[in-house]
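So the chains spell out like this:
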Amino acid sequence: MHLSLTAASVLVPLAYAVLFVLLLAPGYAVARAIVRRYAFDRAATLVIAYAVVAVAGYATFWAYFLRPELGRFLSAIWFGAALAAVVRVWRARISREEAVPLGLTFLAGLFYLAVLYLPGTAITAAQRFFAVRPQDNIVPQLFAEHLHWGASLRGFLGDWLTSDRPPLQSAMLLLVRPLFAYLPIDLNAAYELCGIIAQLVWLPAIWLLCVRAGFSPRQRAFVLAFTIFSGFFLYNTVYTWPKLLAAGLCIAALLFAVTSSLANRGASLVLAGVCAALALLAHGSAAFFLLPAFALAVAYRRVPFGRAPAWGAVAAVALLLPWSAYQRFYDPPGDRLIKMHLAGIANADPRPAAVAIGQAYAHAPFGDVARNKLANLQAVLGTAPLLGSAIEGEPPTAVNLLRVIEREEIPFALGALFLGLPALQWWWLFGRGGLDAERRNAGALLAIALASTVFWCLAMWGPGTTVTTHSAYAVEAILFVALAAAVAGLRLPFALAFFGLAVADLVVTWIVGSLGDAWRVSPSLDPLMILIALAAAAATGLLLARDGSAVEAR
């Protein structure tokens, strides 16, 4: 191992800043106008901005599909809009409610970027934390690249089809793809940076969730601290499969659906429909969260009936129909993952998904089906053995095994927060006052997580396939929120001790403990990335502390 500083060490962080602005600025300017027009809380601005960017990317995706020149034209318009938006936002007054989540999102991405590239910018996300990982993280890049050049969309993924995986991340990447030719960094690095920015939607979504749940500034600070400095969010942000993109949009869809404001209920429910559709267009696992979460919301009358929800449904269908047509008519059948997870059919199968799933259950003995579901439950609880593929090629050290367990098993993905379950019980039973709104909302989050998990266990074919990497990441996100809010309810020294354990787990298990795997590919350390990681982590902590103390003092 040796120290290695290259020109890319400087250029990659600068490119991240440029792409962060160019990708999000037009959406942010539009989102600020939407917030003003429909009287949304300002904490929702960045979440709405991501939804605007996603819709614009989706339109650009279809333009590229029709004709690459048309797609590049829309990308050029986006660049012009980005420059105009930067000037407009720069001149405007940005409130603290907007500025803090925006700053945290940028800093978290910078911190994750520096951790990813600690061994040098030549490392890839698939090689950084584990010895062997599939290339799922670059599938959106491959799809976007073929669309950008007008290449054939059939056959380049082997026996997988482009229609097997939803297109939203590819669509967002295409918004800024023409700019990559002018960036002095590697093409793969440019895609990695944009993928990180897309995944970061989880952070403003969790921020908005804390605001809507009525959490105190201290609770909000601890929630964001526990999530940002966790192996789960670090790994799944830089390993840019669109699972966290879907998770952030799922949370946003639920929050906009259950709004209690009469002033903007119609616009909020339309946004809920848009975000729900975008979540499904990001990753199909979103269905494991959206279906039970919305069912609970309707059952408890948190989603009203009437014209406004109908418009939300229309908006969702309008977004989903073009992709459904692509799957059915252009590159059919596009349902391989559905059959794999819901019917246990691993290879390509020509039957319609409903037929394949029905026949799988009809031909399987009831006892086998029941054992499969029980094994799914055991896997969720962390009491089943890891799938053999999970530990393939990993050196058999304690740190490596712990990192695999935190990647694969739902309870342990929480890291040190898993030890906070007693804190949740104490907060629930002995917190100040009666059953206040904060605890009621935390209980609602846990109910949604439980319902989604039960639905997931029953829907997955099994046996024991209910590992974290197959789940809806919105469930894991709301578990982080509920447990971190409970830990924040402890006396400050105890809460800080829990957070110290979380940081130790991140550093030992994920940052330092993974370097052995990375050094087999790139045996070096980048001193600039070390400094950037430390500076970004410190700035994140300072911003959280100052925001909490400033609001508490009001």
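Refer to the structure presented above.
Let us look at the structure shown here. (Residues numbered from 1 in each chain as written. Predicted model: local features only at pLDDT ≥ 70, side-chain atom pairs only at ≥ 80, totals over all residues. Heavy atoms only, no water.)

### Points about the nonpolar core
Then, number 1: Of all hydrophobic cores here, the largest spans 189 residues; its most connected members are Ile206, Leu224, Phe256 and Phe289.
Then, number 2: Per-element accounting of this core gives the leading share, 14 residues, to helix 22 (residues 473-488).
Then, number 3: Here Phe289 is in contact with Cys250, Leu254, Ile448, Ser452, Ala472, Ala474, Val475 and Ile478, once residues within four sequence places are set aside.
Then, number 4: Ranked by size, the runner-up nonpolar core spans eight residues in total, among them Ala356, Ile357, Val369 and Trp461. (Core = buried A, V, L, I, M, F, W, Y, C linked by side-chain atoms within 4.5 Å. Buried < 20%, exposed > 50% of the residue type's maximum accessible area, 1.4 Å probe, protein only. Helix = DSSP H or I, 4+ residues; strand = E, 2+ residues; numbered from the N terminus. Contact = heavy atoms within 4.5 Å.)

### Considering the environment of Ala49
Then, number 1: Along the chain, Ala49 falls in helix 2 (residues 45-66).
Then, number 2: Between the alpha carbons of Ala49 and Leu269 there is a distance of 16 Å; along the sequence they are 220 residues apart.
Then, number 3: Look past the residues within four positions of Ala49 in its chain and what remains in contact with it is Gly27, Tyr28 and Ala31.

### With respect to unusual backbone geometry
Leaving glycine aside, a negative phi is the common case for residues, and trans is the common case for peptide bonds.
Then, number 1: Note the cis peptide between Pro332 and Pro333, where omega equals 5 degrees.
Then, number 2: Following the sequence through the fold, Pro333 ends up in the loop between helix 15 (307-330) and helix 16 (336-343).
Then, number 3: Here Ala39, not a glycine, exhibits a phi torsion of approximately 60 degrees, which is positive.
Then, number 4: Within the secondary structure, Ala39 sits in the loop between helix 1 (7-38) and helix 2.

### Some remarks on a nonpolar patch on the surface
Then, number 1: The grouping of Leu66, Leu70, Phe73 and Ile77 at the surface amounts to a nonpolar patch, some 410 Å² of accessible area in total.
Then, number 2: In terms of residues, the nonpolar patch owes the most to one element, helix 3 (residues 68-91), which gives three residues.
Then, number 3: Positionally, Leu66 belongs in helix 2.
Then, number 4: The exposure class of Leu66 is exposed, given its relative accessible area of 65%. (Patch = residues over 30% accessible without salt bridge, like charges linked within 9 Å, V, L, I, M, F, W, Y side chains within 5 Å. Areas by Shrake-Rupley, 256 points an atom, 1.4 Å probe, with all protein chains shown as cover. Salt bridge = Lys/Arg side-chain N within 4 Å of Asp/Glu carboxyl O.)

### So, the environment of Val100
Then, number 1: Considering the arrangement of structural elements, one finds Val100 in helix 4 (residues 96-116).
Then, number 2: For Val100, a relative accessible area of 4% puts it in the buried group.
Then, number 3: Other than its neighbours up to four places away in sequence, Val100 contacts Trp207, Leu543 and Asp547.

### Regarding helix 9 (residues 202-212)
Then, number 1: Counting buried positions over the 11 residues of helix 9 gives nine, a clear majority of the element.
Then, number 2: At the C-terminal side of helix 9, Gly214 shows a positive phi close to 75 degrees.

### Thoughts on the packing of aromatic side chains
Then, number 1: Enumeration according to the criterion identifies 36 aromatic pairs in this entry.
Then, number 2: An angle of 85 degrees between the planes, with centres 5.9 Å apart, marks the rings of Phe129 and Tyr235 as edge-to-face. Of the two residues, Phe129 is situated in the loop between helix 5 (125-128) and helix 6 (139-149) and Tyr235 in helix 11 (residues 231-238); the sequence distance between them amounts to 106 residues. Across this residue pair, the class does not change: Phe129 and Tyr235 are buried.
Then, number 3: Ring plane angle 10 degrees and centroid distance 5.2 Å describe the contact between Tyr235 and Tyr239, whose orientation is recorded as stacked.
Then, number 4: A relative accessible area of 1% means that Tyr235 is categorised as buried.
Then, number 5: Three or more aromatic residues joined by ring pairs form one cluster here, namely Phe129, Phe130, Trp202, Phe232, Phe233, Tyr235, Tyr239, Trp241, Tyr473, Phe480 and Trp510.
Then, number 6: Geometry around Tyr330 places Arg154 over its ring, the cationic atom sitting 4.2 Å from the centre. (Phe/Tyr/Trp six-rings, centres within 6.5 Å; stacked < 30°, edge-to-face > 60°. Lys NZ or Arg CZ within 6 Å of the ring centre and 35° of its normal.)

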